[in-house]
Every structure is written in C-alpha cells, then in structure tokens.
Amino acid sequence: MPTNGLHQVLKIQFGLVNDTDRYLTAESFGFKVNASAPSLKRKQMWVLEPDPGEGTAVLFRSSHLGRYLSAEEDGRVACEAERPGRDCRFLVLPQPDGRWVLQSEPHGRFFGGTEDQLSCFATAITPAELWTVHLAIHPQAHLLSVSRRRYAHLCPQEDEIAADSNTPWGVDALVTLIFQNRQYCLKSCDSRYLRSDGRLVWEPEARARYTLEFKAGKLAFKDCDGHYLAPVGPAGTLRAGRNTRPGKDELFDLEESHPQVVLVAANHRYVSVRQGVNVSANQDEELDHETFLMQIDQETKKCTFYSSTGGYWTLVTHGGIQATATQVSENTMFEMEWRGRRVALKASNGRYVCMKKNGQLAAISDFVGEDEEFTLKLINRPILVLRGLDGFVCHRRGSNQLDTNRSVYDVFHLSFSDGAYQIRGAGKRDGAGEQREVGAGESGGCAQPRSGSEPPVKPSLPHPRPRRRVLAHRQPRQRVQRRRARRGLPVRVPGARPPGHPGPERQVPAWRRLGAAARGRGRAGWGCALGILSAARLSPIKPCL
C-alpha cells in the first residue's frame, strides 16, 4: 500500500560522468569499475552516504550491487566492500565549473581515468579526475527548505518563487530540474527559469544555472558567483545569498510529486470537500478543496485520494464516502476502471462510486451508468517529463522518432480536453514554424511527432516489406534494359515469350531415350537400342573405298 502522508523524501541517486562523457560503472563480474558506458543505466547509478564517523568524508554505494567503492593504497579501485571500511572514505571537492574531484581521505590521492584504466593514484588534478554529477531521479519534484520547513512555489503576483507554503498543493508547487551544460536549472510550472537574483527568465542563461552539492543527504544549489540559493526575507523569496559555504538555510530536500487531480461528475460539477467531511459533487470552480492528491499502489494498481484538509477518502457505513481517514487502509483504496474518456471507481465493498441526487458520493451501485462515470483531469503536470522502465523519453537527433531509453530527457507540454490529453514538444518546431505533437506510431514502439495543425490520426498499418536487393550479377542486364527503354527500343525481359510461342524443345536425357526405344521392342529391344543385335537384323554396311 502507499505510505501515509505527503512527505516522501526522494532517495537521491546519480551518475558520475568523466571528461570523455562516459559514466562510472560498477560491474557484477569481479566487482570491477570502469568508465565506458555512454548512458545512465542501472549499473551506473550511485548513492551518496555520509560517513558513520564524524567528519566530512562520504561513501559511494552502488545502487544495484549494494557494495561500496573503495581505493587501496596502491591506487587500485573496486566495488566489492559489503560494509564501509577505511578505504571507502572519499572527500568531495567541488570545482568552480560545477564538477567534482574525488579524493581518497586515508591516502590523499585523486580518483580518475578513462574506460577500464581507473585508479586512485593521481597526485594532481587533471581533466581525467573531474566528474560531473547527473541525477538519476525523476526531475519533477517538490522543493522543501530544510531551515523553514516550507515548500517552494510560484507566486505569479510577485513574479518569484517563494518558500512559504505549508503543503505542496496545486500546480504552483511543481519544480522541474533541467540538466544542461553539466549544470542544473530550476524550472517553474509556467516554463520559466529561476535566476540567482530571484527573477524568473524565459531562457536558461548563465546566471540561471547552478551546481549541485550534497551535504548530509541534502541538496545545495551554487550559482556561477560561488553563492548559494536560499529563502530570503519574510516571504522566503528564493535567491542567492551572501554565504559561500552551505549552511542549514541553503539546504533543500526533494520530495516526490504525486499526481493531483480534479473530478467532474455527470452534473458537470467538481467533486469537493468544501462543505465538510462528505465528498460531494456540488462546486462550480476548481480550487484547493476540489483538488485531490492521487497515490497509486504499484502492486494492486489501486489508488487513494488525499484532500487538502488532511484526510483520505474512505468508505463509511451505508456506502458513504468521507475524507476523514488519517491512515491508509483497505477502505481507502479504490480500483479505477477506464471507460473511454471517463473513469469509474470501485470501492472495497465491490460496488461502484456513484453520485446521488443531492450530489454526495456513495459506493452503492452494482453497475456502471452515467452517474458512476467521472472525468479525471491531471492539474499539476502542465509540463511533463516521461520516464519508462528503460529510461527517459527524448527526441532522437535527426529523426522524427522518440527514444524511450535515454539518460537525458525532453520536457513536453500537456493539454487537456474532455477527458483526453495532447502532448506537445516544448519549443521544438519544424521548418514551417509549427509546433510538433506526439502521436502513437507503430515503428518499433517509438512515438511519432506530427504537425500541430493536423488532427490526431489513427495508428498506421505496419510498414510494407522492403524491396528486395538486386544481386550484383543482374545489375548490368537491368542497365541495358533501361538504356534500350530510353532509346525507344523494345525491352527484352529474360524468360518472357510472345503469345502462342511453343517455347524451346524439351531436352530428353539419353538414358530416357534408350528406355523408350527398348519398351517398344520387348526383350530384344534393349539389345537393339544398345547396338548389339545380329548382323541379319542390321542394315548392310557399305565399305568406303
């Protein structure tokens, strides 16, 4: 079942990219490490852990092996330690360009190299010892200030991002991390970037890019001048302060951003908890009381609905639905059934949630009708980052297809219309200046972008069989035929005959001709056929004088 509450701090996983754009990889065979992977996969993910003892050292644990990176005194590195030891302690030295230098704390040497030639024996910092941090988590999350315990959200009136919200409610609380030029940008829900002076701009300029730093499992954002992002003033406006070292005010947590939805019933009114604990469809406007946070259980695929008043939807006596539960239980789980562009909700009693005459919701229906169908609208994803089992969705360079196994991602725009959604590429335009949309294609599971002015099309049929390649020994004959066609001469097709042509005489093997002659003459026929009969049977032979 989903965990209770909203505060689920993301476990920060990341990849380390060297100077040749290759990721640090922990192999299962021999627990060796190399830097030869071109993309971020399961073997390239690492988790940063603080040292159990007091100090500034950290530990690097492989996400898929569960073992720790270690460096011996002679410079050999491996990822085979099940428990952190003395050789597993590293110091992270951030560089002005945002990259990291990893130094072995007990030996004082620097870790670096290329491909399978990795070592921790360098005494000076060269480009081979510089590593770029690439986060492996989903980039859309909520940003929580550690010192103020408030969430960052967009303030359209003041044109800024402020950390003064008690709960991350609504679309304004969504923050998207954009990885660009080895640094990160903070993108608001209206597709603007946060600059270090607190202003929002439309382009990711140099002052809108930050370097990530980790401290005690928290994040800090360092700007190009060496100052750190922090909430400033009574309103908690996010901008770079004066500190050149991250303290408690400069630390942030990333929390998972669950989908937030609104439901519209058959009476064209929003489902709300504005009037009290009863869940009813009786409101004409879409505000916080009409917004519900939806959590999906990965095992049962059932979902819960959390209201802004602090309670889960739960099934009560006589089939009523109220937002009063504080813990996730069986009665708070609902099974969602898609019926075209509408959804139906089945409660734990096996009955469907329907709208009664007074607008209240109750799970008392055995069949799905008009009163049991709702329109579900996702409100906190105006910009969308798609991630599958194999990686992120990204536009393939030089093609109209989308890859689903990339370590980098594209940001799409999501629009809603009567229960259906349209996904558009963000800022990607074709030669005619029209935006590109994403449609469902059949070419190897890749999505096909299409022009924004065209209506949605049905999935196309499978591609026809490719033309058979012409063999090399047939190409000269075809060139001769094309040359005769250009001159107006008749083209002779090999093997073709005019109508009525008897065709070439069939060639009969010699042994078959002999057999046919013998069958007409009985036993003596074989001798005649072979030329061994008596002279009386043969014609006289005239001598040649």
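Rules used throughout
Once a new chain begins, its residue numbering starts again from 1 and follows that chain's sequence as written. The model is predicted, so local features are restricted to residues of pLDDT at least 70 and side-chain atom pairs to those at 80 or more, both for listing and for counting; the totals for chains, interfaces and linings are taken over all residues. Side-chain metrics in this entry use all non-hydrogen atoms of the structure; hydrogen atoms and water are not considered. Going along the chain from the N terminus, every DSSP run of H or I of four or more residues is numbered as a helix, and every run of E of two or more is numbered as a strand. What makes two residues a contact is simply this: any of their non-hydrogen atoms within 4.5 Å. Only the protein chains shown count as cover for residues, and all accessible areas are computed by the Shrake-Rupley method using a 1.4 Å probe. Think of it in three bands: residues with accessible area under 20% of the maximum for their type are buried, residues over 50% are exposed, and the middle band is partly exposed, with areas taken using a 1.4 Å probe on protein chains only. The rule for pairing is simple: two strands pair if DSSP sees at least two bridges between them. Two rings belonging to Phe, Tyr or Trp (six-membered ring only in the last case) form a pair when the distance between their centres is within 6.5 Å. Interplanar angles under 30 degrees mark stacking, angles over 60 mark edge-to-face geometry, and anything in between is tilted. Charge-over-ring contacts are defined here by two conditions on Lys NZ or Arg CZ: a distance within 6 Å of the ring centre and an angle within 35 degrees of the ring normal. Side-chain atoms within 4.5 Å are what join buried Ala, Val, Leu, Ile, Met, Phe, Trp, Tyr and Cys residues into a set we call a nonpolar core. A residue's pLDDT is simply how confident the predictor is in it, with values from 0 to 100. In the sections that follow, a salt bridge refers to a side-chain nitrogen of Lys or Arg positioned within 4 Å of a carboxyl oxygen of Asp or Glu.

**Here we look at the overall build of the protein**
In terms of helices and strands, the protein carries three helices and 43 strands. Taking all contacts inside the protein whose residues are at least 6 apart in sequence as the whole, residues at least 24 apart take part in 48%. Summed over all atoms, the accessible surface of the protein reaches about 30500 Å², with 49% contributed by carbon and sulfur.

**Some thoughts on the pairing of strand 30 (residues 312-315)**
Burial along strand 30 is two-sided: the residues Tyr312 and Thr314 and Trp313 and Leu315 are all buried. Both strand 30 and strand 31 (residues 321-325) contribute to a ladder of four bridges, which runs antiparallel. Residue pairing in the sheet places Trp313 in a bridge with Ala323 of strand 31.

**Structural notes on the packing of aromatic side chains**
Taken as a whole, this structure holds 17 aromatic pairs when the rule is applied. Ring plane angle 55° and centroid distance 5.0 Å describe the contact between Phe179 and Tyr184, whose orientation is recorded as tilted. On the accessibility criterion, Tyr184 (4% relative accessible area) is buried. Taken together, a centroid distance of 4.8 Å and an interplanar angle of 70° make the contact between Tyr306 and Tyr312 edge-to-face. Taken individually, Tyr306 and Tyr312 each receive the classification buried, so the pair is uniform in this respect. Each member of the aromatic cluster is reached from another via a ring pair, and the members are Phe14, Phe60, Phe90, Trp100 and Phe214. Here Arg109 stacks its cationic end above the ring of Phe121, 4.4 Å away from the centre of that ring.

**Some remarks on the nonpolar core**
Side chains of nonpolar character tend, in soluble globular proteins, to be buried together. Judged by nonpolar contacts, the single largest core of 47 residues is most densely connected at Phe14, Phe60 and Phe221. Ranked by size, the runner-up nonpolar core spans 27 residues in total, among them Ala265, Ala266, Ala281 and Leu345.

**Overview of the confidence of the model for the protein**
Mean pLDDT for the protein: 80, with 78% of residues reaching 70 or above. Looking across the protein, the model is least confident in strand 43 (residues 448-451), with a mean pLDDT of 44, and most confident in strand 26 (residues 270-272), with 96. Residue range residues 1-5 is modelled with pLDDT below 50. Its contacts to residues more than four positions away, or to other chains, number 19 contacts. This stretch, residues 428-436, has a pLDDT under 50; its non-local contacts, to residues over four places away or in other chains, come to 22 contacts.

**Quick look at the pairing of strand 3 (residues 33-37)**
Counting buried residues in strand 3 gives four out of five residues, a clear majority hidden from the surface. The sheet contact formed by strand 2 (residues 23-26) and strand 3 spans three bridges and is antiparallel. In the sheet register, Tyr23 faces strand 3, and the bridge partner there is Ala37. Linkage of strand 2 to strand 3, two consecutive antiparallel strands, is achieved through a turn of six residues, within which Gly30 is found at a positive phi near 75°.

**Observations concerning the environment of Arg381**
Relative to the elements of secondary structure, Arg381 occurs in the loop between strand 36 (375-378) and strand 37 (383-384). The exposure class assigned to Arg381 is buried, which follows from its relative accessible area of 11%. When the C-alpha atoms of Arg381 and Ser257 are compared, they prove to be 9.8 Å apart, with 124 residues separating the residues in sequence. Leaving out residues up to four positions away in the same chain, Arg381 has contacts with Gln140, Leu174, Ser257 and Leu414.

**What to know about the pattern of salt bridges**
One side chain can pair with another of opposite charge once the charged atoms of both are near each other. Taken as a whole, this structure holds 24 salt bridges when the rule is applied. A salt bridge links Asp74 to Arg76, with the shortest nitrogen-to-oxygen separation between them at 2.9 Å. Residue classification places Asp74 among the partly exposed positions, given a relative accessible area of 42%. Here Asp225 ties to Arg207 by a salt bridge, and the two come within 3.1 Å at their closest N and O atoms. You can see Asp225 sitting in the loop between strand 21 (218-222) and strand 22 (229-232) and its partner Arg207 sitting in the loop between strand 19 (200-201) and strand 20 (211-215), a full 18 residues away along the chain.

**A look at the side chain of Thr304**
Among the secondary structure elements, Thr304 is positioned in strand 29 (residues 303-307). Thr304 gets classed as buried once you look at its relative accessible area, which sits at 0%. For Thr304, the contacting residues outside a window of four places in its chain are Leu293, Met294, Gln295, Tyr312, Val328, Thr332 and Met333.

**Considering unusual backbone geometry**
Residues other than glycine seldom take positive phi values, yet Arg149 does so here, at roughly 55°. By secondary structure assignment, the location of Arg149 is in the loop between strand 13 (140-145) and strand 14 (151-155). Of note in this structure, Asp418 is not a glycine but carries a positive phi near 50°. Its relative accessible area of 44% is what places Asp418 among the partly exposed residues.

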